[in-house]
Amino acid sequence: MVRGSDPVLKKRRGVSEMKSIIAEKLRLEHEPVAILWTNVKPEVALQIKPHGVGCIMPFFAQVAMKGRTAVFDRESYGCPGARAGLGFGNGYYDAFGGAGIDFMASFFVKGAESSSDPESYCAKVRHLPAREQAKFMEGERLHKNTEKAKRFMTKDLPITDIAEKYVVFTPMSKVDPDKEPVVIVFVADPLQITGLVTLAGAVIEGTDPVRVPPMAACHQIGAFAYEEAKKEHPRAVLGYTDLSARENVGKTIPAHMFTFAVPFSLYKEMEEEARNGVFDGPIWKELAQERINSGSPL
């Protein structure tokens, strides 16, 4: 637990909650997650141990499904990929004690089999926690070859290096309405995702309102959503298509759900449209009623 004071998070009775018309009309079981950048720690939050190694998505799951708050900084970000995902620069160059880009490129392909120096690669793997060694030996197989993996880490992955000290994940209702999150993340089932894509398409010009980067789940809610937030006309980012994250999170987030990350400027446009938009039309109402009649939540 982390203790301190944080003016970003709502902490006094009588302060109105930040609420979402979209979440209400989607009838989400769990409220959206706000991602904020701040210089002060929340009063009470989950946090990875300094220099600890692990996936940050179980922390996101605790926020999304159980209403907790999580905080991350430059000494507690879990793994090199999450460092980039959260917005603390590019963690791949000095990953795992300096093993760096070549080591990570082999890991992203077929592990030792893809390494130009398998003996050295295996020696580095043996220094990792025992629970991680088999995965690193076989590789995550996210890219067809190490050249493509290296391009992803050095050119394709959008990198943000925030000025603030902390990145906070917290339920939307805990955010002071006077403060603006960077990104809002919905966790939704396929029908709700369909509604969100339709709503985003209603306010975004063109025919490509949603990005689906086939990368880490933390990149999908962070790095890629941050990149969209910098644009004059941002898009949403569909995520939780990361096999490793799903393995790490387990059943905390139901298997049929996905993330839908929305830069805050786009979120405000979608909120306005949701006042009298797709969720108020006859097709959505009929689908929603079918779900209610079947006993499924919506």
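Residues numbered from 1 in each chain as written. Predicted model: local features only at pLDDT ≥ 70, side-chain atom pairs only at ≥ 80, totals over all residues. Heavy atoms only, no water.

A.B. asks: In this structure, what is going on with the pairing of strand S7 (residues 258–263)? I would like to understand it.
C.D. replies: Remark: a regular strand shows side chains that alternate across the two faces of the sheet. In terms of residue burial, S7 counts as a mostly covered element, since five of its six residues are buried. Taken together, the six bridges between strand S4 (residues 183–188) and S7 define a ladder with antiparallel strand orientation. The partner of Val 183 across the bridge, within S7, is Pro 263. The pairing of strand S6 (residues 236–239) with S7 spans three bridges and is classified as antiparallel. The partner of Val 237 across the bridge, within S7, is Ala 261. (Buried < 20%, exposed > 50% of the residue type's maximum accessible area, 1.4 Å probe, protein only. Helix = DSSP H or I, 4+ residues; strand = E, 2+ residues; numbered from the N terminus. Pairing = 2+ DSSP bridges.)

A.B. asks: I would appreciate a short explanation of a positive patch on the surface in the present structure.
C.D. replies: Positive charge collects at one region of the surface, where Lys 144, Lys 148, Arg 151 and Lys 155 lie side by side. Structurally, Arg 151 can be placed in helix H8 (residues 146–156). Judged by relative accessible area, Arg 151 falls into the partly exposed class, the value being 41%. (Patch = residues over 30% accessible without salt bridge, like charges linked within 9 Å, V, L, I, M, F, W, Y side chains within 5 Å. Areas by Shrake-Rupley, 256 points an atom, 1.4 Å probe, with all protein chains shown as cover. Salt bridge = Lys/Arg side-chain N within 4 Å of Asp/Glu carboxyl O. Lys, Arg positive; Asp, Glu negative; His and termini not counted. Charge placed at Lys NZ, Arg CZ, Asp CG, Glu CD.)

A.B. asks: I tried to follow the sheet that holds S7 on my own but got confused; where do I start?
C.D. replies: In sheet architecture, strand pairing relies on hydrogen bonds along the backbone and comes in two forms, parallel and antiparallel. Taken in spatial order, the seven strands make up an open sheet running S2-S3-S1-S4-S7-S6-S5, and their pairing is mixed. This sheet does not close on itself; its edge strands, each paired only once, are strand S2 (70–72) and strand S5 (210–211). Against the sheet, helix H9 (residues 190–203) contacts S4, S5, S6 and S7, and its axis sits at roughly 20° relative to S7. Across the sheet, helix H13 (residues 264–274) touches S4, S6 and S7, and the angle it forms with S7 is around 100°. (Contact = heavy atoms within 4.5 Å. Axes fitted to C-alpha atoms, helices over the stretch in contact; angles between N-to-C directions.)

A.B. asks: Looking at this model, I keep getting lost on unusual backbone geometry. Mind explaining?
C.D. replies: Apart from glycine, the bulk of residues carry a negative phi angle, and the bulk of peptide bonds sit in the trans form. In this structure, His 51 is a non-glycine residue whose phi angle is positive, near 65°. Within the fold, His 51 resides in the loop between strand S1 (33–38) and helix H2 (57–66). With a relative accessible area of 63%, His 51 lands in the exposed category. Unlike most non-glycine residues, Tyr 240 shows phi in positive territory, near 65°. Mapped onto the fold, Tyr 240 is located in the loop between S6 and helix H12 (243–249). Of the residues examined, Tyr 240 reaches a relative accessible area of 1% and is grouped as buried.

A.B. asks: Just to check I follow, could you spell out H2 for this structure?
C.D. replies: Three- or four-residue spacings in an α-helix give side chains the same orientation, since the helix completes a turn every 3.6 residues. Taken together, the buried positions of H2 are occupied by Met 57, Phe 60, Ala 61, Val 63, Ala 64 and Met 65. Once H2 finishes, Gly 67 follows within two positions and takes phi at roughly 75°, a positive value.

A.B. asks: What exactly am I supposed to notice about the layout of surface pockets here?
C.D. replies: Once rolled over the atoms, a probe with the size of a water molecule shows which space is left empty. Approximately 820 Å³ is the volume attributed to the largest pocket. Ranked by the residues each element gives to the lining of the largest pocket, the list is headed by H12, at five residues. Along the lines of polarity and charge, the residues of the lining of the largest pocket split into 26 nonpolar, eight polar and seven charged. (1 Å grid on protein atoms, 1.4 Å probe; cavity = no way out; pocket = protein on both sides within 12 Å on 5 of 7 lines; lining within 4 Å. Points joined across faces, edges and corners; volume = space filled by probe spheres on them. Nonpolar A, V, L, I, M, F, W, Y, C, P; charged D, E, K, R; others polar.)

Functional significance is not addressed by these values, which are geometric in nature.
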